[in-house]
Amino acid sequence: RPPPAPPAGSAPGPARPGTKRLPRAIVVGVKKGGTRAVLEFIRVHPEVRALGTEPHFFDRNYHRGLEWYRSLMPRTLDSQITVEKTPSYFVTKEAPRRIFNMSRDTKLIVVVRNPVTRAISDYTQTLSKKPDIPTFEGLTFRNRSLGLVDTSWNAIRIGMYAVHLESWLQYFPLSQIHFVSGEKLITDPAGEMGKVQDFLGIKRVITDKHFYFNKTKGFPCLKKSESSGLPRCLGKSKGRTHVQIDPEVIEQLRDFYRPYNIKFYETVGQDFRWE
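Labelled according to an unreviewed UniProt entry, the chain appears under the name Sulfotransferase, originating from Eulacestoma nigropectus.

Set out below in structure tokens:
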């Protein structure tokens, strides 16, 4: 599609190379798992172009149509892959079917982390925006003394990975879904990103030399390349200190998630060692 004509009287700028294409890979989840880190790390690769914002097309904006979605994408050359990320897709019932209808060959990336830690991180983020919400404990249980966990609370529900995965496996084979460990993304970013590059079918360009560990934030940052200035760390909202939670509540949540975790490990053939 030709670029729009410049306004009358303005000098024509250089034509931007490439074409806006629908994404060949989508980071579909999960919220507070490390999806922003994966996106920022993978977009360093010369063969990847990524949309920086979350378009929320397959959950909130589907009515706008595929051409609207395509118009948001960065321009790519034939040799490049377009990637987008919207972590809420993983828990959206309609998303697997909608993505399948766009392209059954879409590669899916799911970043997962210990569901208990993820829930606390999720709550911490909400609390920073809404300081008057109930306590974590109050939201977690329908009945604390009976140990009845409230699975309708989104912060709890998202971590039931095995349940959500079933919807995806109705449309996509496991071979098209890659699971990134949110924990290993911190301890071994180059190793985890090496596997992501293999999954996308691109050369392993992002390696150890791209990362350094930021002790203040507690996670890895991208080293500056020769062409750019400062090192790139994730925004201020990343690496927040989590709210202190009663260890007994954490233990009850571990017990709650254990059967879901085991089923998830068995389904994906990978032990994330959250126990």
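S.K.: How would you summarise the overall build of the chain if you had to cite specific residues and measurements?
M.R.: Across its full length, the chain carries 10 helices and 11 strands. The buried share of the chain, taken over its 275 residues, is 45%. For the chain, the proportion of contacts with a sequence separation of at least 24, taken over those separated by at least 6, is 71%. Of the roughly 14600 Å² of accessible surface on the chain, 52% is carried by carbon and sulfur atoms.

S.K.: Give a description of helix α10 (residues 247-268) that names residues and reports values.
M.R.: The end-to-end C-alpha distance of α10 is 29 Å, a good match for the 32 Å that 22 residues give at a rise of 1.5 Å each. Helix geometry: α10 is bent most strongly at tyrosine 257, by close to 40°, with proline proline 259 lying one to four residues after it. If you check which residues of α10 are buried, you get Val249, Leu253, Phe256, Tyr257, Asn261, Phe264, Tyr265 and Val268. Where α10 begins, one side-chain oxygen reaches toward the backbone nitrogen of glutamate 248, 2.9 Å away; that side chain belongs to aspartate 246. Note on α10: the residue one or two positions beyond its end, glycine 269, has a positive phi of about 70°.

S.K.: So, the UniProt feature "binding site: 3'-phosphoadenylyl sulfate" (unreviewed entry) in the chain: which residues are in play, and what are the values?
M.R.: In the UniProt entry, the feature "binding site: 3'-phosphoadenylyl sulfate" (unreviewed entry) is given for Lys32, Gly33, Gly34, Thr35, Arg36, Arg113, Ser121, Lys238, Gly239, Arg240, Thr241 and His242. Locating glycine 34 in the fold gives a position in the loop between β2 (25-29) and α1 (35-42). When residues no more than four places from it in sequence are discounted, the contact partners of glycine 34 are Val111 and Leu185. Take arginine 113: it is sitting in the loop between β6 (107-112) and α4 (115-129). Excluding residues within four positions of it along the chain, arginine 113 makes contact with Lys32, Gly33, Arg118, Ser121, Tyr161, Gly182, Glu183, His242 and Trp274.

S.K.: Outline unusual backbone geometry, supporting the account with residue identities and numerical values.
M.R.: Each neighbour pair has its own omega, and for glycine 29 with valine 30 the value is -5°, a cis peptide bond. Look at lysine 32: it is not a glycine, yet its phi comes out positive at around 60°. Along the chain, lysine 32 falls in the loop between β2 and α1. Despite not being glycine, histidine 56 has its phi angle at roughly 50°, a positive value. Within the secondary structure, histidine 56 sits in the loop between β3 (48-50) and α2 (66-72). Taking relative accessible area as the criterion, histidine 56 reaches 11% and is therefore assigned buried.

S.K.: Which residues make up the environment of threonine 187, and what values do they have?
M.R.: Mapped onto the secondary structure, threonine 187 falls in helix α8 (residues 182-187). Counting along the chain gives 26 residues from threonine 187 to phenylalanine 213, while the straight-line C-alpha distance between them is 8.9 Å.

S.K.: Tell me about the nonpolar core, residues and numbers included.
M.R.: Judged by nonpolar contacts, the single largest core of 30 residues is most densely connected at Val28, Phe58, Tyr89, Ile99, Trp168 and Phe264. Elements with a minimum of two residues in this core: β2, α3 (95-102), β6, α7 (161-169), β9 (177-181) and α10. With four residues, the top contributor of residues to this core is α7. Residue contacts for isoleucine 99: discarding those within four places in its chain leaves Ile26, Val28, Phe58, Tyr89, Thr106, Leu108, Trp168 and Phe172. Core analysis: the second largest hydrophobic core is formed by 26 residues, Ile109, Val111, Phe211 and Phe219 among them.

S.K.: How would you summarise the packing of α7 against α10 if you had to cite specific residues and measurements?
M.R.: Taken N-terminus to C-terminus, the directions of α7 and α10 make an angle of 35°; their axes are 8 Å apart at the nearest point. Listed contacts from α10 to Tyr161, Ala162, Val163, Leu165, Glu166 and Leu169 of α7 are Tyr260, Lys263, Phe264, Thr267 and Val268. In terms of residue class, the contact of α7 with α10 is made up of eight nonpolar, one polar and two charged.

Here is what the cut-offs are and how they apply
- As a convention, each chain's residues are numbered from 1 in the sequence order in which they are written.
- Totals for whole chains, interfaces and linings use all residues, but because this is a predicted model, local features are given only for residues with pLDDT of at least 70 and pairs of side-chain atoms are given and counted only at 80 or more.
- Side-chain descriptors were evaluated using all non-hydrogen atoms of the structure, hydrogens and water having been removed beforehand.
- We count a stretch as a helix when DSSP gives it H or I for four or more residues in a row; a strand needs E for two or more, and each element gets its number in order from the N terminus.
- Throughout, exposure labels follow a simple rule: accessible area from a 1.4 Å probe, protein chains only, divided by the maximum for the residue type, with under 20% read as buried, over 50% as exposed, and the rest as partly exposed.
- Whether two residues are in contact is decided by their heavy atoms: any pair within 4.5 Å suffices.
- Areas reported as accessible are Shrake-Rupley estimates using a 1.4 Å probe. Residue values count occlusion only from the protein chains shown.
- The span expected for a helix works out to 1.5 Å for each residue beyond the first.
- Bend angle per residue: angle between axes fitted to the 7 residues ending at that residue and the 7 residues starting there.
- Polar contacts, as counted here, are pairs of nitrogen or oxygen atoms within 3.5 Å of one another; within protein the pair requires one atom able to donate a hydrogen and one able to accept it, and residues that are adjacent in sequence qualify only if both atoms are side-chain atoms.
- UniProt positions are given in the numbering used here, feature names are shortened, and annotations may be inferred rather than shown by experiment.
- Throughout, nonpolar core names a set of buried Ala, Val, Leu, Ile, Met, Phe, Trp, Tyr and Cys residues whose side chains join them through atoms within 4.5 Å.
- Fitted lines through C-alpha atoms serve as axes, helices being fitted only where they are in contact, and the angles separating the N-to-C directions of these axes extend from 0 to 180 degrees.
- Following the grouping adopted for this structure description, the nonpolar residues are Ala, Val, Leu, Ile, Met, Phe, Trp, Tyr, Cys and Pro, the charged ones are Asp, Glu, Lys and Arg, and the polar ones are all others, Gly among them.

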